[in-house]
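For reference, the chains in residue letters:
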Amino acid sequence: MKLFLDTANVEQVAEVAGWGVLDGVTTNPSLVAKENKNFKEVVLKMCEHVPCVSAQVTATDFSGMKKQGEEYASWHKHVVVKVPMTTEGLKTLRYCREKGIRTNTTLVFSVSQAILAAKAGANIISPFIGRLDDISEDGMGLIAEIMEVWKHYQFDTEVLVASTRHPRHIVEAAKLGAHICTIPYDVFKKLPHHPLTDSGLKKFLDDWNTLQK
Ligand code: E4P
């Protein structure tokens, strides 16, 4: 399973990439606006750390998305163009697939949307599980359904579990065989920790120091 960081903060990417476990980054316009930095510079810096950086188009029509997508893809070979799940987005996914531009379909909330995006040639689809949970729907249930459908076909589209909210989401996504999970920084920081690791290490070191005396 690939692990991505869901952020537009370059320092966070550098830190987690330094652990040797980071496969990519997803950004979105809200995350970028929070950092208030030059978008291209941020994306290029992230591309130095990971081989897959999703940069989202902000146009909503095919012609505008196509233009932005081509521009973003020209910045660096690690850029993946993030396209919203709309009919104009589907046209853009097909166009990009034919041009060899990698894409990630964002704002996927149903199995039918997932199938359409895969058929249009998306390299990645991003179902948002946390936002479904927020409205009392079953986010992880959507991932289970998509993974079940994927077993019957030869889609080369990777399923990226997005809008994760806590470590258990990552475990459940892995159990379902999802290809990628994108994780907010505060959740990613929780993943390496376990209280028994901390107390166990303290005990080992306390015992060792006793021996040295
Ligand atoms: C994914 O690519 C999105 O950036 C992200 O996971 C959205 O998460 P949110 O629902 O916490 O905003």
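How each quantity is defined
Residues numbered from 1 in each chain as written. Predicted model: local features only at pLDDT ≥ 70, side-chain atom pairs only at ≥ 80, totals over all residues. Heavy atoms only, no water. Near = heavy atom within 4 Å. Polar contact = N/O pair within 3.5 Å; in protein donor to acceptor, adjacent residues only side chain to side chain. Helix = DSSP H or I, 4+ residues; strand = E, 2+ residues; numbered from the N terminus. Expected span 1.5 Å × (residues − 1). Buried < 20%, exposed > 50% of the residue type's maximum accessible area, 1.4 Å probe, protein only. Arc of directions from axis to C-beta. Contact = heavy atoms within 4.5 Å. Salt bridge = Lys/Arg side-chain N within 4 Å of Asp/Glu carboxyl O. Pairing = 2+ DSSP bridges. Axes fitted to C-alpha atoms, helices over the stretch in contact; angles between N-to-C directions. Phe/Tyr/Trp six-rings, centres within 6.5 Å; stacked < 30°, edge-to-face > 60°.

Asks: Sorry if this is basic, but what is going on with the site of the ligand here?
Replies: Taken together, Asp6, Thr26, Asn28, Lys82, Phe128, Arg131, Ala162, Ser163, Arg165 and Thr182 form the complete shell of residues around the ligand. Contact distances for the ligand include 2.7 Å between an oxygen atom and a side-chain N or O atom of Lys82.

Asks: Looking at this model, I keep getting lost on helix H4 (residues 62-75). Mind explaining?
Replies: Between its terminal C-alpha atoms H4 stretches 20 Å, which fits the 20 Å expected from 14 residues at 1.5 Å a residue. Taken together, the buried positions of H4 are occupied by Gly64, Met65, Gln68, Gly69, Tyr72 and Trp75. Relative to the axis of H4, the buried residues are bounded by an arc of 125° and lie together on one face. Residues of H4 that are exposed and point more than 90 degrees away from the buried face comprise Lys67 and Ser74. The inward-facing, buried residues of H4 contact helix H3 (39-47), strand E3 (53-56), strand E4 (79-84) and helix H5 (87-99).

Asks: I keep staring at the pattern of salt bridges and nothing clicks. Help me out?
Replies: Pairing between side chains of opposite charge can happen when the charged atoms of each approach one another. This model, assessed by the stated rule, comprises ten salt bridges. One salt bridge connects Lys91 with Glu88, and the closest N-O pair in it is separated by 2.6 Å. Here Lys91 and its partner Glu88 are both found in helix H5, three residues apart, which amounts to about one turn of the helix. A single salt-bridge network, built from bridges that share partners, covers Arg168, Glu172 and Lys175.

Asks: Which parts of the structure should I look at to understand the sheet that holds strand E2 (residues 24-26)?
Replies: Each strand in a sheet pairs with another by means of backbone hydrogen bonds, the pair being arranged parallel or else antiparallel. An order of E1-E2-E3-E4-E5-E6-E7-E8 is seen for the eight strands of this closed barrel, with the pairing classed as parallel. Across this sheet, the average inter-strand angle for adjacent strands is 30°, counted without regard to direction. Direction of pairing for strand E1 (residues 2-6) relative to strand E8 (residues 180-183): parallel, over a ladder of four bridges. Looking across to E8, one finds that Leu3 is bridged to Cys181.

Asks: I'm lost on the packing of aromatic side chains in this one. Help?
Replies: To describe a pair of aromatic rings, one takes the distance between the centres and the angle between the planes. Applying the stated rule across the entire model yields eight aromatic pairs. Between Trp150 and Phe155 the ring centres are 4.6 Å apart and the planes differ by 55°, which places this aromatic pair in the tilted class. Between Tyr153 and Phe155, the ring centres sit 5.7 Å apart and the planes meet at 35°, which makes this aromatic pair tilted. Using a relative accessible area of 24% as the deciding quantity, one classes Phe155 as partly exposed.

Asks: Would you explain H3 in this entry?
Replies: Along an α-helix, residues three or four apart share an orientation, since each turn contains 3.6 residues. Listing the buried residues of H3 in full gives Phe39, Val42, Val43, Met46 and Cys47. Projected onto a plane normal to the axis of H3, the buried residues spread over an arc of 135° and lie on a single side. As for H3, its buried residues are in contact with helix H1 (10-17), E2, helix H2 (29-35), E3, H4 and E4. Capping the start of H3 is the job of one residue whose side-chain oxygen sits 3.2 Å from the backbone nitrogen of Lys40: Asn38.

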